[in-house]
Amino acid sequence: MEFLRPTTWAEALAAKVDQPDAVPIQGGTDVMVEINFSVRRPPALLDLTAVPELATWSLDGGRYRIGAAVPYSVIIGELGGALPGLAQAARTVGSPQIRNRGSVGGNLGAASPAGDSHPPLLAAGAAVEVESRERGVRMIPADAFYLGVKRSALLPDELIRAVHVEPAAGPQYFSKVGTRNAMVIAVCSFAVALHPDERRVGTGLGSAAPTPRRAREAEEFLAAELDWSAPLQPALLARFGELCAGAAAPIDDVRGTAGYRRHAIAVLARRTLTWAWHDHLERRAA
Ligand SMILES: Cc1cc2nc3c(=O)[nH]c(=O)nc-3n(C[C@H](O)[C@H](O)[C@H](O)COP(=O)(O)OP(=O)(O)OC[C@H]3O[C@@H](n4cnc5c(N)ncnc54)[C@H](O)[C@@H]3O)c2cc1C
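Fair warning: this is a prediction, and the values are worked out from it, not measured in the lab.

1. Comments concerning the nonpolar core
Phase 1: In this structure, C244 and I265 are the most contacted members of the largest nonpolar core, which totals 80 residues.
Phase 2: The biggest single contributor to this core is helix α11 (residues 258-285), with eight residues.
Phase 3: The residues touching I265, leaving out its near neighbours within four places in the chain, are C188, F190, L205, A208, C244, A245 and A248.

Right, dumping it as structure tokens:
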């Protein structure tokens, strides 16, 4: 197996053109597991850990630009205030060791339906910055990025450079069902992000369909029905849960049944919206 180790972004893009079947490796917490278990044996690895800019984040034009290599521990430690939904999801990833190595870029690259960063990125309306040497930069909205089980809109000559997310305009929550509290792949997960300025609520479902996805009908329902100055009505909350469960297309597998996942999505949706609404009304009253 060849091992390519570019030290600049330009070299990395060139290497991906020269050898499109080279598998990028960032933290390696997915790639090394696959290699060790012989799930795949790529002809070459494209190690991105020596490209320093990938490990940095910045606030550009009112949006956070998080380099593909920024580990979960940095998102938790440095961006938790501005991006609470993503930071909550990051806190549930693996163990401290995994959170120190694993990155949102790697989570996007793997495009697993169960990846924990996807629901909050969908709910917040994030965009993925990808680049190829020949065609330059493309900004892919998160809800157009996931195409199928472990398949994304990334083309063979492209690399993920960063993810762009606006600072939270309102309360955000993420919740995950697992068989224990840590080191667990989600049975299903859900994220909600309130956008009070736009009178809009964003959603993201995880591990409940072939791809992470938004519950669009549920979002439209809330946009039409929510009174942003009043307590949540139980009937509205129940309908929101039903519509979120309806957006799921889960499977039966070792982690849970499709029926359980649908039920759990409704519970998580009601629960996270209730938490977020509580914070929203408290902020209004303050
Ligand atoms: C013990 C353990 C526990 C885990 N727990 C969780 C969990 O709770 N939740 C969860 O979501 N995940 C979990 N994971 C999976 C993994 O940690 C995450 O998916 C993590 O985000 C991967 O990031 P990484 O930087 O290690 O990616 P890598 O393993 O380096 O890469 C992952 C994929 O992304 C591609 N890739 C990486 N960087 C780029 C780039 N810049 N451009 C294009 N493609 C790229 C790679 O080719 C590969 O396909 C766990 C893994 C382990 C081993």
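2. Quick look at the UniProt feature "domain: FAD-binding PCMH-type" (unreviewed entry) in the chain
Phase 1: Taking the UniProt record as the reference, the feature "domain: FAD-binding PCMH-type" (unreviewed entry) is found at residues 1-170.
Phase 2: The straight-line gap between the two end C-alpha atoms of residues 1-170 is 48 Å; of that span, 33% is helix and 26% is strand.

3. Digging into unusual backbone geometry
Phase 1: Even without a glycine there, the phi angle at A111 is positive, about 50°.
Phase 2: Phi at M183 takes a positive value of approximately 50°, unusual for a residue other than glycine.
Phase 3: Tracing the chain through its elements places M183 in the loop between β11 (172-177) and β12 (188-195).

4. Considering the site of the ligand
Phase 1: Surrounding the ligand, one finds 30 residues, the nearest of these being G27, G94, G102, G106 and G109.
Phase 2: Elements with a minimum of two residues in the shell around the ligand: β2 (23-25), α2 (31-36), α5 (96-101), α6 (104-110) and β10 (158-165).
Phase 3: Sorting elements by how many residues they give to the shell around the ligand places α6 first, with five residues.
Phase 4: Its residues placed into classes, the shell around the ligand shows 14 nonpolar, 13 polar and three charged.

5. What about the packing of helix α9 (residues 216-225) against helix α10 (residues 234-247)?
Phase 1: Running from amino to carboxyl end, α9 crosses α10 at an angle of 155°, the nearest separation of the two axes being 7 Å. With respect to α10, the axis of α9 lies roughly antiparallel. Within the contact between the two elements, α9 uses R216, E217, A218, F221, L222 and E225 and α10 uses L236, R239, F240, L243, C244, G246 and A247.
Phase 2: Looking at side-chain class alone, the contact of α9 with α10 contains eight nonpolar, one polar and four charged residues.

6. As for α10
Phase 1: Taking 1.5 Å as the rise per residue, α10 with 14 residues should run 20 Å; its terminal C-alpha atoms sit 20 Å apart, in good agreement.
Phase 2: The complete set of buried residues in α10 reads F240, G241, L243, C244, A245 and A247.
Phase 3: Tucked into the core, α10 has its buried residues touching β12, β13 (200-206), α9 and α11.

7. Examining the sheet that holds β2
Phase 1: Pairing is parallel across the open sheet formed by three strands, whose spatial order is β1-β3-β2. Whereas interior strands pair on both sides, the edge strands pair on one side only; in this sheet they are β1 (2-4) and β2. Direction aside, neighbouring strands of the sheet carry axes that sit 25° apart on average.

About the criteria used
Numbers given to residues run from 1 along each chain, matching the order in which its sequence is written. Reporting in this predicted model follows two pLDDT cut-offs: at least 70 for local features of residues, and 80 or more for side-chain atom pairs to be given and counted; totals over whole chains, interfaces and linings ignore these cut-offs and use all residues. What makes a nonpolar core is a set of buried Ala, Val, Leu, Ile, Met, Phe, Trp, Tyr and Cys residues, with links drawn between C-beta atoms within 7 Å. Put simply, a residue is buried when 20 or more other C-beta atoms lie within 10 Å of its own C-beta and exposed when 12 or fewer do; between those, it is partly exposed, and each C-beta is set from the backbone. Think of it this way: any DSSP run of H or I at least four residues long counts as a helix, any run of E at least two long counts as a strand, and we number them from the N terminus. Whether two residues are in contact depends on their C-beta atoms, placed from the backbone: they are in contact if these lie within 7 Å. UniProt positions are given in the numbering used here, feature names are shortened, and annotations may be inferred rather than shown by experiment. In this text, near has one meaning. A residue is near a molecule or strand if its C-beta atom, placed using the backbone, is within 6 Å of it. In this count, Pro and Cys sit with the nonpolar residues alongside Ala, Val, Leu, Ile, Met, Phe, Trp and Tyr, while Asp, Glu, Lys and Arg are called charged and the others, Gly among them, polar. What counts as an axis is a line fitted to C-alpha atoms, over the stretch in contact for a helix, and the angles between N-to-C directions run from 0 to 180 degrees. The scheme is simple: roughly parallel for angles under 35 degrees, roughly antiparallel for over 145, roughly perpendicular for 65 to 115, oblique for anything else. Multiplying 1.5 Å by the helix residue count minus one yields the expected span of that helix. What makes two strands pair is DSSP finding at least two bridges between them.

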